[in-house]
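Examination of the molecular architecture
Here is how the chains run, residue by residue.
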Amino acid sequence: MALLEIRHLHVGVEDREVLRGLDLNVNAGEVHAIMGPNGSGKSTLSHVIAGKPGYEITRGQILFRGENLLRMEPNERAAKGVFLAFQYPVEIPGVTTMNFLRAALNAQRKARGQQEFSTPEFLKRVRQVAGSLNIPQDMLKRGVNVGFSGGEKKRNEILQMALVEPSLCILDEIDSGLDIDALRIVASGINALRAPERAMIIITHYRRLLDHIVPDVVHVMSKGRIMKSGGKELALELEASGYAQFEHAA
Amino acid sequence: MVAVQETVERVKRIDVDQYRYGFETLIDSEKAPKGLSEEIVKFISQKKNEPAWMLQWRLEAYRRWLTMTEPTWARVDYPKIDFQDLYYYAAPKPKKTVTSLDEINPEILKTYEKLGIPLREVAMLEGVEPKPGEEDPARRKIAVDAVFDSVSVATTFKAELKKAGVIFMPISEAIREHPELVQKYLGSVVPTSDNFYATLNSAVFSDGSFVYVPPGVRCPMELSTYFRINERNTGQFERTLIIADKGSYVSYLEGCTAPQRDENQLHAAVVELVAHDDAEIKYSTVQNWYPGNSEGKGGIYNFVTKRGDCRGNRSKISWTQVETGSAITWKYPSCILRGDNSSGEFYSIAISNGFQQVDSGTKMIHLGKNTSSRIISKGIAAGKSQNTYRGLVTAHRKATGARNFTACDSLLIGDKCGAHTVPYIEAKNSSATFEHEATTSKISEDVLFYCIQRGLSQEEAVGLVVNGFVKQVLQKLPMEFAVEAQKLISISLDGSVG
Ligand SMILES: Nc1ncnc2c1ncn2[C@@H]1O[C@H](COP(=O)(O)OP(=O)(O)OP(=O)(O)O)[C@@H](O)[C@H]1O
Ligand SMILES: [Mg+2]
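Residues numbered from 1 in each chain as written. Chains lettered and ligands numbered in written order. Predicted model: local features only at pLDDT ≥ 70, side-chain atom pairs only at ≥ 80, totals over all residues. Heavy atoms only, no water.

Looking up chain B in an unreviewed UniProt entry gives the name Iron-regulated ABC transporter membrane component SufB, with the organism given as Bradyrhizobium shewense. Entered under Sequence similarities (unreviewed entry) in the UniProt record, the comment concerning chain B runs "Belongs to the iron-sulfur cluster assembly SufBD family." (UniProt positions renumbered as here; feature names shortened; annotations may be inferred.)

The name recorded for chain A in an unreviewed UniProt entry is Fe-S cluster assembly ATP-binding protein, from Bradyrhizobium shewense.

Right, dumping it as structure tokens:
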């Protein structure tokens, strides 16, 4: 059984069909890359998997470990192991990153019937992961993403991901706005989380990220559908010839 | 944040209307007949064994009140009050004593629990008294490190205050024991003729607190816990008078996070503060009166006049309030900055949900030279509620160098509520610098989804975001109260989305 199984998914936003019969299977342990032109529906797909309100699912289904994901509340999905690193992480003034991390982590642990972390345990874990991502301690004391640079916001997403240890990581343009060093740090943070029981969907426009995080499968998405799937060499092909050739396929 | 989570957890275990089991009064009251007349005013004064001057004062207020009409300028809407259909006197009798926490409705205990009020304190609040020869009933239920008994605590407090020379007692007692102080200060900040509700209060006030801090004394404790345990039955027309003499300091805490019910729908309190040279008064309130049911029926009408007089040079008065209850709130804690270099502060969190109507704010009246004031107001409107900030900042002709900073932020939850900001600014001299900032925002769907994607429930997410929004004000509350208030905020907004 695939970890994530999407069948014939049709999704509308504001009376417009954005996903149009999308199929995707992701097995545990695999890393999938999704590439595709602006507006092809990549972020929409990630939102629908995570359960963001405002999308109308008109047809199709999403199974997560064989369970109907679309019936679950977004926080239930999170507790089941679905994590989305947002393309545009929001700011939450007055709530320190540390408090937010703790709230999120404990909410998920509780939902899974696990014990909450003790304060020292929690702090130790945060320090350790933050250190490996080059996130300074004082950033953790600031409001969530408030005044963070683009790169800092992205690192903060990875920090959260590493702490909650999800089984499906969806990373929406995690490489946008990162300088070369930050890209390397973020990529190694992601690679450290690769595990046989964990799958990843990496949405990106650039092959460069995929040099650092080598995917098992690359998908080309266009107009709300997966047009072509292949190995990592597909990313190279795309870089050479662009998306035009896939626009009218299938 | 940890607190918020705990709260939400606790709230989840309680699916009943959190107010259904609030403080249903156990007071077996000795009431005066309905209606208001000179006879009733005399009756009240007599019941309280008041001296003649006090009765005279009340009667003057009453006669004045007869000539006044209810104010209508506030953005609140309620059926006309028939003032002859109300009771104006009910003798506070000791509550029926129960001998064990077991006898208290478990739902009430849950409400306390969700507010995080220690059971030993619940025992006090609910009037649990140990049977003779038995140990403290609270201790039977929970392991408490410290042996706690109300009498000894109250005695300790009293002894400590006495040592410092601080007078702290019910105002009814102060009228008899310290008439010179009461006569000198009562009505000196809020005159009997001030406004309809304050005048009514002056005629019929029930009880309240009196505090006098002598020169140079720093009051050795927050006047809080003691207050919460001992001063509950102050009635619907509460009257408080606090005087900080030269160079003294006092922090006073009013109210309670526990839900409070009252059979009297109309509440009209008056609070007067006087700060002499170099004195400082910090007054914090948490108001959680019954807000009415889910259809908007019932609920307390809360018409309050609170005013502080920075009478001395370099004096300072700071109001901090967390308003979550009442069907109608009409309340403008103000500062008269009379002394040179005096300063006033107003920090407010006003939350409205359901059908609540809040019209609250402050007045900063700059009279002395180089006076400064600061206003931070956070209004949160949810449900079908209306939340208005109404503020006045004025500088008198002689108030050179007056400074004010005002920031009013409103947060809307849902689209059936309203937030309004009504600032009046008046500078009669050119050296005044007044800054005003105002924002209104909606709680963002994207922010909520971000939190929920990370595993928080809808309620937890709202609680988190709102507590972030009000943090700046929460930090102004005394520590223990801030923790409770934070929980209360989450509870007040429970069910406001979705
Ligand atoms: N809330 C919305 N209202 C209207 N249209 C929307 C909404 N959300 C998405 N769309 C439309 O759906 C299409 C797909 O958007 P989506 O954000 O999924 O694209 P994307 O592949 O992630 O693009 P990019 O590479 O630029 O991030 C776009 O045409 C977008 O305008
Ligand atoms: Mg996108």
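What about the nonpolar core?
Ile49(A), Ile92(A), Ile201(A) and Ile380(B) are the most contacted members of the largest nonpolar core, which totals 71 residues. The leading source of residues in this core is helix α13 (residues 458–474) of chain B, at nine residues. Non-local contacts of Ile49(A), meaning those with residues more than four positions away in its chain, are made with Leu4(A), Ile6(A), Ile62(A), Leu69(A), Arg77(A), Val82(A), Leu168(A), Ile170(A) and Ile201(A). Residues Trp57(B), Ala61(B), Phe83(B) and Leu200(B) belong to the second largest nonpolar core, which totals 50 residues. (Core = buried A, V, L, I, M, F, W, Y, C linked by side-chain atoms within 4.5 Å. Buried < 20%, exposed > 50% of the residue type's maximum accessible area, 1.4 Å probe, protein only. Helix = DSSP H or I, 4+ residues; strand = E, 2+ residues; numbered from the N terminus. Contact = heavy atoms within 4.5 Å.)

Looking at the site of ligand 1
All names here are of chain A. Ligand 1 sits among 15 residues. The nearest are Gly39, Lys42, Ser43, Thr44 and His205. Gly41 places a main-chain nitrogen or oxygen 3.0 Å from an oxygen atom of ligand 1. Between Thr44 and ligand 1, the recorded distance is 2.5 Å, taken from a side-chain N or O atom to an oxygen atom. Protein chains shield 66% of the accessible area of ligand 1, which is 640 Å² for the free molecule. Going through the elements one at a time, β2 (16–26) and α1 (42–50) are the ones with two or more residues in the shell around ligand 1. Across the shell around ligand 1, the residue classes break down as three nonpolar, eight polar and four charged. (Near = heavy atom within 4 Å. Polar contact = N/O pair within 3.5 Å; in protein donor to acceptor, adjacent residues only side chain to side chain. Areas by Shrake-Rupley, 256 points an atom, 1.4 Å probe, with all protein chains shown as cover. Nonpolar A, V, L, I, M, F, W, Y, C, P; charged D, E, K, R; others polar.)

Some points on the sheet that holds strand β10 (residues 199–203) of chain A
All names here are of chain A. Overall, mixed pairing links the six strands, which are arranged β6-β9-β10-β3-β11-β12 in an open sheet. Of all strands in the sheet, those bounded by a partner on one side alone are β6 (82–85) and β12 (225–230). Each strand of the sheet is rotated relative to its neighbour by a mean of 20 degrees, with strand direction disregarded. Across four bridges, strand β3 (residues 31–35) lies against strand β11 (residues 217–222) in parallel orientation. For Ala33, the partnering residue across the bridge sits in β11 and is Val218. Packed onto the sheet, helix α6 (residues 150–164) meets β6 and β9 (168–172) and runs at close to 170 degrees relative to β6. (Pairing = 2+ DSSP bridges. Axes fitted to C-alpha atoms, helices over the stretch in contact; angles between N-to-C directions.)

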